[in-house]
Amino acid sequence: MDLINKSDNNFEQCIKCTVCTVYCPVLAVNPDFPGPKHGGPDQERLRLKMPSFYDEANKFCMNCKRCEVACPSNVRIGDIIQKARLKYSRHKPTVRDFFLSHTDLVGTISTPVAPIINSSLKLDSTKYLLEHVMQIDHRRLFPTYTHEKFVSWMKKQEEEQRRFKKQVCYFHGCYVNYNYPSLGKDLVKVMNLLGYGVQLLKKEKCCGVALISNGYFAQAKIQGRINLNSIRKAAQNNISTIATSSTCVLTMRDEYPHLLELDNKDIKEHIELATRFIYRLIEDDHFDLSELKFNQKKWKVAYHTPCHLEKLGWEYYSIELLKRIPNIELTILRPNCCGIAGTYGFKKENYDYSQKIGAPLFKEIEEGNFDYVVTDCETCKWQIEMSTSKKCLHPITLFAMALE
Amino acid sequence: MMKFDVVIIGGGLSGLTCGIRLAQEGKKCVIISSGQSALHFSSGSFDLLNSLPDGTRVTNPLESLSDLSLLNPTHPYVKMGKERFAALAEESKQLLEGVGIHTKGSYKKNHYRITPLAMVKSTWLTMMDFLSTDDPKTFNCKSFALFNFVGYLDFYPDYLSEKFERMGVKTQKFSIDLSSVERMRRNPSELRSTNIARLFDEEEARKNLIRILEEKAADYEVVLLPACLGLENANVISELSKAIGKPVYVVATFPPSVAGIRAQYLLKQKFMRLGGMYMLGDTVNRVDMKENSINKIFTVNHGDIPIVGDDYILCSGSFFSQGLVALPDKVIDPIFGLDIDYSPNRQDWYTANVYDKQRYLTFGVETNNDFLAIKDKKIVRNLHACGAILGGFDALKEGCGSGVSLLTALYVAEEILRK
Amino acid sequence: MNEYEVIIIGGGATGAGVLRDCCLRGLKAILVERFDIATGATGRNHGLLHSGARYAVTDQESACECIKENKILRRIASHCVEGTDGFFISLPGDDLSFQTKFVESCLKAGIDAEVYDPKEALAIEPSMNPSVIGAVRVPDGSIDPFRLTASNIQDAKSHHGTVLTYHEVIGLIRENDTITGVEVLDKKTGEKFKLYAPIIVNAGGIWGSHIAEYADLKVSMFPAKGALLIYGHRVNKIVLNRCRKPSDADILVPGDTICLIGTTSTKVPYDQIDNMHVLPEEVEILRKGAGELSPILDKTRILRCYAGVRPLVASDNDPTGRSVSRGIVLFDHESRDGLKGFITITGGKLMTYRLMAEKATDLICEKLNVKKKCETSSLKLPGSREDKETILKKIYSMPISIKESLIYRHGDIAEKMSNEDGVNNSLVCECEEVSAGEVLYAIDHMDVNNLIDLRRRTRIGMGTCQGELCACRASGMLGKYKKKCSYRAKEDLSLFLNERWKGIYPIAWGDSLRESQYSAWVYQSVCGLGDNNKTKDDEI
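Residues numbered from 1 in each chain as written. Chains lettered and ligands numbered in written order. Predicted model: local features only at pLDDT ≥ 70, side-chain atom pairs only at ≥ 80, totals over all residues.

1. Digging into the overall build of chain B
- The helix and strand tally for chain B stands at twelve helices and 22 strands.
- For 419 residues, the compact-globule estimate of 2.2 N^0.38 gives 22 Å, and chain B sits close to it at 22 Å.
- The dimensions of chain B, computed from C-alpha atoms along their principal axes, are 70 × 45 × 40 Å.
- A buried classification covers 59% of the 419 residues belonging to chain B.
- Within chain B, contacts between residues separated by at least 24 positions form 68% of all contacts whose residues are at least 6 apart in sequence. (Helix = DSSP H or I, 4+ residues; strand = E, 2+ residues; numbered from the N terminus. Rg over C-alpha atoms; globule rule 2.2 N^0.38 Å. Buried ≥ 20, exposed ≤ 12 C-beta atoms within 10 Å, placed from the backbone. Contact = placed C-beta atoms within 7 Å.)

Structure below.
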């Protein structure tokens, strides 16, 4: 019996236990946010009565889904609030929102002139200008842009990758493509060692998570359709699609059907996190890890579970992969949102809340004396690297490093 | 697939206790919990047995067991027998201690706790910072300074002071108005116990609080505060007490329960430190069973990757946490379809007076005397059930909810270890 | 002094309406009610602002009355009314020729009835059964009977009317062939006293029969029980009716945050009218009817159920009850029974209350030789006197949902409940968005004696949690501001929760049962309420 979708009116399953309010990271620091219970199921009944009940303060919701994880009644609280924003909010996206959310566009423009962009983004004058004109907090550090896009590099590897009998598609996401292609290169390296050749999807667009949270639902839907069709085409050729970004995966598996009403039932099982795919290889296909040459370096590593990965429940796979690295001393950090929530933490009105939300995590990291922090989400990585003294790597990167 | 020694479905008091006991002996365990547990509404105390099914008060739970076995032979305590009951009750307290949940009380004699509505109720174990008494008619002190936060609606000093005065303790009410609390009050719905507790996890706020307590409680023997302190930091109350040089106790508030949440966190932390895996926010949605044995289970999050164990334990709770589901004409266990002890006539489920015994509260999964689950009248060899999902007792009227959760969890864990 | 010109027995919509009308015409009037206002049929009906369409085919007179009053109430009680409109839909199996007859009859009675293409109707109201084959749109609406009654009372009081709730009439004072007053029991203190007036009005609804007996009069009433189900949220925007001869479970009314399906009709013995419990068979009939009107309801959470008794009167004193009337019944007992100073106004329906009051008050004025005309159809009730824009300007800055809530429920009175103080903006009831400020105002100005009274005026405890989070908070405030001792306050809380349970247990499965278990756990286990085993000492 389906306890989660008893009816379309998922909010009715709420029995007002208030547990979600205990785990909402925003509520802990920002009293202007109605909170998951009130902004979600409570106000949903009122909004159905009259749309004027919609409270614009619901924009403070980070869509971290921690409320949903905590809910004993399987209420999709985060979805309820996001859907309400879509339906009732009268807030129009600003230039800043456009700039922050149209990552494909900004990435495409920036990469050819990456060195200039990177150095100017470091200047105080640029930062203050961005804050003054676009309300992007001057303290926030931007990720650097790469000069050679990941897809360009991949094109050069095409022939070699095709030689592998087993193939897998890689949804690289915006971050790997425009900012940090080395993660993509590590992924290719690791998959090759596991016997898989890597190819790109026929056509890949930004998953759209930033578009959704900034109100560009129509654009997100267009991009979503393209992505689903590409994944579908790959699935038809019996090729699975893997991604390294936990947020991209959650968006395409859950947000597409729940918020954008894009039906992905036929291919939902064909898009998954790289570490989950690798877990299957090791556990079910019995890939023998002793075939790989680990360099036996000793590392003290802390693993941070990104909020979206906690919602998927898939941190298990990343952790199991890390455990397979010999000589690793692994600590699982306490579940705590890092506070950046994608584009949320760039906005001036949210910056201080973001930092307050992440403070306990940063403290635990600094006190732990780790060599590296590991996490699957790129925005968590930016936040941790900006707010602590530690370098933050993707599990695949660490795994690749262990195989050097 | 994901392979474990024991797969525990339900991550509340019962599931975590079971998991800790097993993990202590080196078993590789996973707990799957669809959400946070009923510990979030804890009163601050654990009840073992407060009344017999016929309403008779119980002062010494151990001594009342023989009466219980006459009145309700299907009660989980009766199934385990008196000796085991005593041993497991003591073990439960030790387990809680070991996790960092310090309590006062004994299974041999009930003591009394103060409820948010100023009733005096018997109980087994009460967490250290909470106000309690051995004699329901008095406290061992002469005067209380009773504080509440301005605008906090889930605490009732008027009821409490009236009650305490009647019990012979002079009680003076005070209000605390701090700017940090005032800021939280801006939110119409979120001045809850947990949000206040978070404020006082900060040292600065505690310093201000200490100043207020020192000043206002100067002429009183004991300071009482609402139980909305100490979410992350378990030592807030003892710190306050040391600073002002007086005993400080808390009195339970309306949910959410800060102490209950802290207890849940401590249990979970212990379980994970022992190597246990805790999967929060996941629900079992498919089961692979053959010849009265569970082969594997599947969950929403893990999709086609099954979770496999040598043993399975079902402790997913009662209706509240959807361990049991009530349809208009029947009650089911939505995961395994186990045999449920319930009445097929819905009119039998309730009576019109909500304070009378409600039969639906006694419904639950049927088991043998060793708490092995039963499906289609046959025992499921590798599936045990424990906690609130069990049938045959009334947690509300008998006041035995946490006792059943703890004792049956340990019983089942030890059954599995014995194998 | 205990002397008035008019004594009105019964605090439902009818009694309140009579009180208002009398007071507006300058009469010194007092209303006596044994419980709280709107506890009889007034508080237990559909909350439907009839367009009259439902009666058009079988009872033209009723239909004409209805549409006239519908228009009046939309004007004078705008803050209690939602002009939702209604659809009368025909489903496969229904006779479409009935629809033709239906439309004709409506137009004849002055009711706007427009035939819609089923697809169009479905686009306007997506919750209706998608297999709809015919739809007619009429000016139905929904009305909140509690606030309507309270508003009438408030207007009466501001025109020197007096209201005594929790005062029961235990006898009529008779001198030969004239009723000169009533004997009253104050249920709070146990005190008995007498009130005198030249005219006594029996507006006791179904209990009017019992009151008439105090004067040895026979007014034959035939109680007809009707049960209704309340669903957890507002599924439809527009009232949905079945376009066929009136039958069980064929009206789905949206109101405030919920929608409800009604009703059934079973004759009950007179001695059972204070003991209304909803039976499983009634629940089934209602669920089935609801699912036919809107299939979504098959999967929608049912919040609670309730039952009321319709006051059906034998209009020509036929003791066998053969000619039972649902129209307005006004008995002048002087001409009917030779008993002066006593009139009975009963029958009718919630939305014709004003007309009933007008007729009764006209008769009263005739008897007292007062030459004032009725103005209740034109004078707006308090709460409906200002439009939303004006009200919004006067209200202090506060969170939007609280502001909207106050205005929705109380119209222009919202201004008096709004406050800069953060504490007053705290929510007591989170489901229905009831702030502490609203609760305090109600306690101070609206004759609130206990939690159930409070619930009627503010909707506390009427949301999905059914009092689980809010009852205790409200109880704490009530205890503090009414200076109740904690024993009384907890007793009141216990009664309130039990009253909620009465409407939940007949539909307690699924999420409603989960809610009940949680509620029982918090109130009885954690808080210790209702512990039957307590000893004398810890009783309090």
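2. Here's the deal with the overall build of chain C
- The secondary structure content of chain C amounts to 18 helices and 24 strands.
- Relative to its length of 540 residues, chain C is compact, with a C-alpha radius of gyration of 23 Å against a globular reference of 24 Å.
- Residues classed as buried in chain C amount to 61% of the 540 residues present.
- Taking the contacts inside chain C whose residues are at least 6 apart along the sequence as the reference set, 70% of them involve residues at least 24 apart.

3. Some thoughts on the nonpolar core
- The biggest cluster of nonpolar side chains holds 428 residues, and the ones touching the most others in it are B:Leu224, B:Leu314, C:Val6, C:Ile7 and C:Val201.
- Broken down by element, this core gets its largest block of residues, nine residues, from helix H12 (residues 401-418) of chain B.
- Excluding its chain neighbours within four sequence positions, the residues that come into contact with B:Leu314 are B:Ile9, B:Gly10, B:Ile335, B:Phe336, B:Val365, B:Ala373, B:Leu383, B:Ala385 and B:Ile389. (Core = buried A, V, L, I, M, F, W, Y, C linked by C-beta atoms within 7 Å.)

4. Things to note about the interface of chain C and chain B
- Contact residues are listed per partner, giving 47 residues for chain C and 48 residues for chain B.
- At the level of secondary structure, the elements contributing two or more residues to the side of chain C that touches chain B comprise strand S23 (427-429), helix H16 (470-481), helix H17 (486-504) and helix H18 (510-526) of chain C.
- In terms of residue count, H18(C) provides more of the side of chain C that touches chain B than any other element does, eleven residues in total.
- Grouping the amino acids of the side of chain C that touches chain B by side-chain chemistry returns 21 nonpolar, 17 polar and nine charged. (Nonpolar A, V, L, I, M, F, W, Y, C, P; charged D, E, K, R; others polar.)

5. Some remarks on the pairing of strand S10 (residues 170-176) of chain B
- Pairing of strand S9 (residues 143-149) of chain B with S10(B) involves seven bridges; the strand directions are parallel. Opposite B:Ala145, over in S10(B), you have B:Gln172 as the bridge partner. (Pairing = 2+ DSSP bridges.)

6. Some remarks on the sheet that holds strand S6 (residues 120-123) of chain B
Residue and element names in this part refer to chain B.
- One open sheet accounts for three strands, arranged S6-S5-S8; its pairing is antiparallel. Every interior strand has two partners, whereas the edge strands, S6 and strand S8 (132-133), have only one.
- Across four bridges, strand S5 (residues 111-114) lies against S6 in antiparallel orientation. Bridge pairing in S6 places Ile114 opposite Val120.

7. Observations concerning the environment of C:Lys371
All names here are of chain C.
- Note on placement: Lys371 falls in the loop between helix H10 (353-368) and helix H11 (388-394).
- Under the C-beta neighbour-count criterion, Lys371 is labelled exposed, with 8 such atoms within 10 Å.
- For the pair Lys371 and Ser475, spaced 104 residues apart in the sequence, the C-alpha separation amounts to 47 Å.

8. What about the domain arrangement of chain B?
All names here are of chain B.
- What the domain assignment reports for chain B is domain 1 (2-107 + 262-418) and domain 2 (131-251).
- Computed over C-alpha atoms only, the centres of domain 1 and domain 2 are separated by 34 Å.
- Every contact between the two is made by four residues of domain 1 and, on the other side, five residues of domain 2.
- Here the side of domain 1 that touches domain 2 is built from residues that sort into no nonpolar, two polar and two charged. (Domains from an automatic or database assignment.)

9. Things to note about helix H20 (residues 395-402) of chain A
- Burial analysis of H20(A) places seven of its eight residues in the buried class, which makes it a mostly covered element.
- Those residues of H20(A) not exposed but buried are A:Pro395, A:Ile396, A:Thr397, A:Leu398, A:Phe399, A:Ala400 and A:Ala402.

10. Section: the sheet that holds strand S4 (residues 103-104) of chain B
Residue and element names in this part refer to chain B.
- Strands sit in the order S3-S7-S4 across an open sheet of three strands; the sheet is antiparallel. One side of each edge strand has no neighbouring strand; the edge strands of this open sheet are strand S3 (45-46) and S4.
- Sheet analysis places S3 next to strand S7 (residues 125-127), joined by two bridges and oriented antiparallel. Bridged to Ser45 within S7 is Thr126.

11. Re the domain arrangement of chain C
All names here are of chain C.
- Under the domain assignment used here, chain C contains domain 1 (6-41 + 146-220 + 317-368), domain 2 (80-143 + 223-309) and domain 3 (388-539).
- Each side of the interface is counted separately: domain 2 has 13 residues, and domain 3 has twelve residues.
- For the side of domain 2 that touches domain 3, the secondary-structure elements that each account for two or more residues are helix H8 (280-293) and strand S19 (302-314).
- Looking at which element gives the most residues to the side of domain 2 that touches domain 3, the answer is S19, with five residues.

12. Some words on helix H2 (residues 36-49) of chain A
- With 14 residues, H2(A) should cover 20 Å at 1.5 Å per step; its first-to-last C-alpha distance of 19 Å lies within 8% of that length.
- Of all 14 residues in H2(A), 13 are buried; the element is thus mostly enclosed. (Expected span 1.5 Å × (residues − 1).)

13. Brief notes about unusual backbone geometry
- In this structure, the amide linkage connecting B:Pro255 to the following residue, B:Pro256, adopts the cis form with an omega of 0°.
- Mapped onto the elements of the fold, B:Pro256 is located in the loop between strand S12 (248-251) and helix H10 (258-273).
- Looking along the chain, the bond that leaves C:Gly262 and enters C:Thr263 is cis, with omega of -15°.
- With respect to the helices and strands, C:Thr263 occurs in the loop between strand S17 (258-262) and strand S18 (266-267).
- Positioned with a positive phi, A:Gln135 is a non-glycine residue whose angle comes to about 60°.
- Under the C-beta neighbour-count criterion, A:Gln135 is labelled partly exposed, with 17 such atoms within 10 Å.
- The backbone phi angle of A:Ala341 is positive, close to 45°, even though this residue is not glycine.
- Mapping A:Ala341 onto the fold places it in the loop between strand S6 (328-332) and helix H18 (348-368).
- With 28 C-beta atoms packed within 10 Å, A:Ala341 lands in the buried category.

14. Examining the pairing of strand S22 (residues 342-347) of chain C
Residues and elements named next belong to chain C.
- Judged by how many residues are buried, S22 sits mostly within the fold: six of six residues are covered.
- In the sheet, strand S13 (residues 199-202) pairs with S22 via three bridges, with the strands oriented parallel. Bridged to Val201 within S22 is Ile343.
- Relative to S22, strand S21 (residues 328-332) runs antiparallel, the two sharing five bridges. By the bridge assignment for S22, Val329 is matched with Thr346.

15. Section: the environment of A:Glu378
- Along the polypeptide, A:Glu378 turns up in helix H19 (residues 378-387).
- Expressed as a C-alpha distance, the spacing of A:Glu378 and A:Cys392, which sit 14 residues apart in the sequence, is 9.2 Å.

16. Digging into the environment of C:Thr346
All names here are of chain C.
- Looking at the element boundaries, Thr346 is found in strand S22.
- In this structure Thr346 comes out as buried when scored by C-beta crowding, with 29 C-beta atoms within 10 Å.
- Taking the C-alpha atoms as reference, Thr346 lies 15 Å from Asn45; in sequence the two are 301 residues apart.
- Those residues in contact with Thr346 that lie beyond four places of it in its chain are Gly205, Gly208, Pro311, Val313 and Val329.

17. Observations regarding the packing of H16(C) against H17(C)
All names here are of chain C.
- Their axes nearest at 10 Å, the elements H16 and H17 cross at an angle of 145°. Relative to H17, the crossing made by H16 is right-handed. Residues Ala471, Cys472, Ser475, Leu478 and Gly479 of H16 pack against Ser486, Ala489, Asp492, Leu493, Phe496 and Leu497 of H17.
- When grouped by side-chain class, the residues that make up the contact of H16 with H17 number seven nonpolar, three polar and one charged. (Axes fitted to C-alpha atoms, helices over the stretch in contact; angles between N-to-C directions. Left-handed = near helix turned anticlockwise from the far one by under 90°.)

18. With respect to the confidence of the model for chain C
All names here are of chain C.
- On average, residues of chain C score 90 in pLDDT, and 96% of them are at 70 or above.
- Counting contacts from residues 533-540, a segment whose pLDDT is below 50, to residues more than four positions away or on other chains yields 13 contacts.
- Both confidence scores are given for the complex: pTM 0.94, ipTM 0.96. (pLDDT = per-residue confidence, 0-100.)

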